[in-house]
Amino acid sequence: MDFTFQVINNIRTIFSKIIDENTLEDLNKVPKGFNNNIIWNIAHVVVSEQLLAYKLSGLQSVLSDEMINKYRKDTKPENDVTQDEVNDIKRLLFSTLENTKADYNNNVFKTYNTYTVSTTGNTLNNIDEALQFILTHEGIHYGYVLALLKAIKN
């Protein structure tokens, strides 16, 4: 799983740079034809990783219920996020992943509640499959963020 964690970390590093290189206004902007924004997508991958790895393993997420409910699947931005919220999301990009990697290496994920993802229709049966899907999911949202960037800059 080292490679999987490495690629997820690399994608999150790119997300961090996107946060740094764009204004708060651009991070919050929902371009015509889209239903969410850059910062929602970045926060969504953090929340999704926690739900797919921890919740489905019967473990507690480090995220607040408020954050989970704001960025989980089938949500969209209800209002602009503040700079403080952006800073928290940026920090959580790495702290959550570091925790997951440490917990994985320490065999914390002992059980897993089978879950079929709506994105691809695959059924996740264990933490290894969940982490592989998390990688795919983050790649999907990276592509979406690139599309948002292009729409915002044009």
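Residues numbered from 1 in each chain as written. Predicted model: local features only at pLDDT ≥ 70, side-chain atom pairs only at ≥ 80, totals over all residues. Heavy atoms only, no water.

Draft legend 1. Fine view of the environment of Ile11. Secondary-structure assignment places Ile11 in helix H1 (residues 2-21). For the pair Ile11 and Tyr142, spaced 131 residues apart in sequence, the C-alpha to C-alpha distance is 7.3 Å. In this view, Ile11 contacts Leu135, Glu138, Gly139 and Tyr142; residues no more than four positions away in its chain are not counted. (Helix = DSSP H or I, 4+ residues; strand = E, 2+ residues; numbered from the N terminus. Contact = heavy atoms within 4.5 Å.)

Draft legend 2. Highlighting empty space enclosed by the protein. In the structure shown here, the tally under the stated rule is one cavity of 30 Å³ or more. Computed from the structure, the largest cavity encloses a volume of approximately 40 Å³. What lines the largest cavity is simply Asn28, Asn37, Ile39, Trp40, Lys70, Tyr71, Lys76, Pro77, Asn79 and Val81. Mapped onto the lining of the largest cavity, the elements with two or more residues apiece are helix H3 (38-53) and helix H4 (65-71). Broken down by class, the residue content of the lining of the largest cavity amounts to five nonpolar, three polar and two charged. (1 Å grid on protein atoms, 1.4 Å probe; cavity = no way out; pocket = protein on both sides within 12 Å on 5 of 7 lines; lining within 4 Å. Points joined across faces, edges and corners; volume = space filled by probe spheres on them. Nonpolar A, V, L, I, M, F, W, Y, C, P; charged D, E, K, R; others polar.)

Draft legend 3. Unusual backbone geometry, seen in detail. One non-glycine residue, Asp74, lies in the positive phi region at around 70 degrees. Relative to the helices and strands, Asp74 is located in the loop between H4 and helix H5 (83-105). Even without glycine at this site, Asn107 takes up a positive phi of about 55 degrees. For Asn107, the position within the fold is in the loop between H5 and strand E1 (115-116).

Draft legend 4. Broad picture of the nonpolar core. Among the nonpolar cores identified, the biggest contains 27 residues, and Phe15, Ile38, Ile42, Met67 and Tyr71 are the most heavily contacted of them. Counting only elements with at least two residues in this core, the list comes to H1, H3, H4, H5 and helix H6 (127-153). The element best represented in this core is H3, accounting for nine residues. If we ignore the near neighbours within four places in the chain, the residues touching Tyr71 are Trp40, Ala43, His44, Val47, Val81 and Ile89. (Core = buried A, V, L, I, M, F, W, Y, C linked by side-chain atoms within 4.5 Å. Buried < 20%, exposed > 50% of the residue type's maximum accessible area, 1.4 Å probe, protein only.)

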